[in-house]
Structure formats: C-alpha cells, structure tokens
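Here is what each chain is made of, one letter per residue.
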Amino acid sequence: MLFRSAPTIDSDGGATVTLTAFVKNSQNRLIANQAVNFSTNDVGAGLQVTASTTDSAGIASALLSITEPSVRTITVAASVGGLEATVNVDVVGTKLTLSGPTSMVSNQQIEFTAALRDSSGAPLRDRQLSVNSLAGNTLSATVATTDSAGQAKFTVTGVVAGVDTISVLGLGVLASVDVDVRSEEHTSELQSPCNLVC
C-alpha cells in the first residue's frame, strides 16, 4: 500500500508531499527489513527517500518535490520485489491570465497581454505560450515567450467578422478572451445619425 500526505502540491516548489509505503506479507502482516524502491517518470519531480527499508512497523517513506510548475498529475510508484503500488499527486496553483479589448473593427490591430505566475504569484519567465484565434483572425505570433515579468504580448488583426475567441495555453493552463470583430460597414451604420433621423 502507498499513501500520500496530500493530494496536491503547489507549483511554486516550496512544499513537499510525504509518501508512505506499508509492506505486508501474504498473511496481511506488516513486515520489517524490506527494501522499497520509490520512482516516478516525471522529469520535473524529485524524490528524496527518507527510509528505503521498512522499519518494525513495515513502513518506508519518501518526499516528493517539484522543479517544474506546469499543472499536471505526477504518478509515484513504490515497489517491493514484483509488487508495485502507485499514487497520484496533482500539481496545482499555476495561473495564466489574458487581457485585451473585447471588441474591434475589421482590419484593426489590437494588443493582448498574457501573464503567467506560479502558485505563490511569482512570474514565470522564458515559458512558451501557444496562441490561437478560433475564428482565424491574424495573429502576430502563434507562440509567445514570457519575459522577466512573466508576460507575453501579441497582436490580433481582425479579418473575420463576428465573435472570436482568442486563447493562450501554457504549462497546462488555458486562458481566453472573446472579441467581437465588427465590419467597417456595420460600424458606420451603428454610428450614423441616419439610423435615427434621415
């Protein structure tokens, strides 16, 4: 059996999760002096084994930490001989926001700013964000990289009239803004006094 001290771990890397393995024999009795191997395939996670051999209570333990702030599920395994138990720990807290105008005129270019931060609010720099326009409006970049403030800027040029969804994706987190792209003709009609009195 393998247990975790918490189901989640914050993405800032400041905390650890304790993993505790209980080793039993075929009679369901806890047994001592059994070598336990803790492992994970997650390259952004680390395991510090605090007790690799079970004690008199049949317990071995390790600490899980992270160095990669992406939101994901880490699977940790503990094995003894040919037996293995696994447990999942979710990395949480990374936040991605997107700000920009919610309306524009056809052929107008507007700027958006994405901001990426970890669970403690610290900016995440040099991280790539995928940028997408659902309607197919023109983007200045389909991949944007965050700066020292954790921000990435890009522009959108309205070439497809109607409501578009501009989105950014990074470190397992998605943020989006809906933008109403209005044709120049429709905008002129809305602003013309002849719509009221001609």
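Predicted model, so just to flag it, every value in this text is computed and none were measured. (Residues numbered from 1 in each chain as written. Predicted model: local features only at pLDDT ≥ 70, side-chain atom pairs only at ≥ 80, totals over all residues. Heavy atoms only, no water.)

**Comments concerning the environment of Thr16**
Relative to the assigned elements, Thr16 resides in the loop between β2 (8-10) and β3 (17-22). A residue is classified by how much of its surface remains accessible, and Thr16, at 45% relative accessible area, is partly exposed. Taking the C-alpha atoms as reference points, Thr16 and Thr40, 24 residues apart in sequence, are found 15 Å from one another. In this view, Thr16 contacts Ile9, Leu63, Leu64 and Ser65; residues no more than four positions away in its chain are not counted. (Helix = DSSP H or I, 4+ residues; strand = E, 2+ residues; numbered from the N terminus. Buried < 20%, exposed > 50% of the residue type's maximum accessible area, 1.4 Å probe, protein only. Contact = heavy atoms within 4.5 Å.)

**As for the layout of surface pockets**
Estimates place the volume of the largest pocket at around 230 Å³. Going through the elements one at a time, β3, β7 (72-80) and β8 (83-92) are the ones with two or more residues in the lining of the largest pocket. (1 Å grid on protein atoms, 1.4 Å probe; cavity = no way out; pocket = protein on both sides within 12 Å on 5 of 7 lines; lining within 4 Å. Points joined across faces, edges and corners; volume = space filled by probe spheres on them.)

**Details of the side chain of Ser61**
With respect to the secondary-structure elements, Ser61 resides in strand β6 (residues 59-66). Overall, Ser61 belongs to the buried group, its relative accessible area being 15%. A distance of 2.6 Å separates the side chain of Ser61 from the side chain of Thr50, its partner in a polar contact. Not counting residues within four places of it along the chain, the set of residues in contact with Ser61 comprises Leu19, Phe38, Val49, Thr50 and Ala51. (Polar contact = N/O pair within 3.5 Å; in protein donor to acceptor, adjacent residues only side chain to side chain.)

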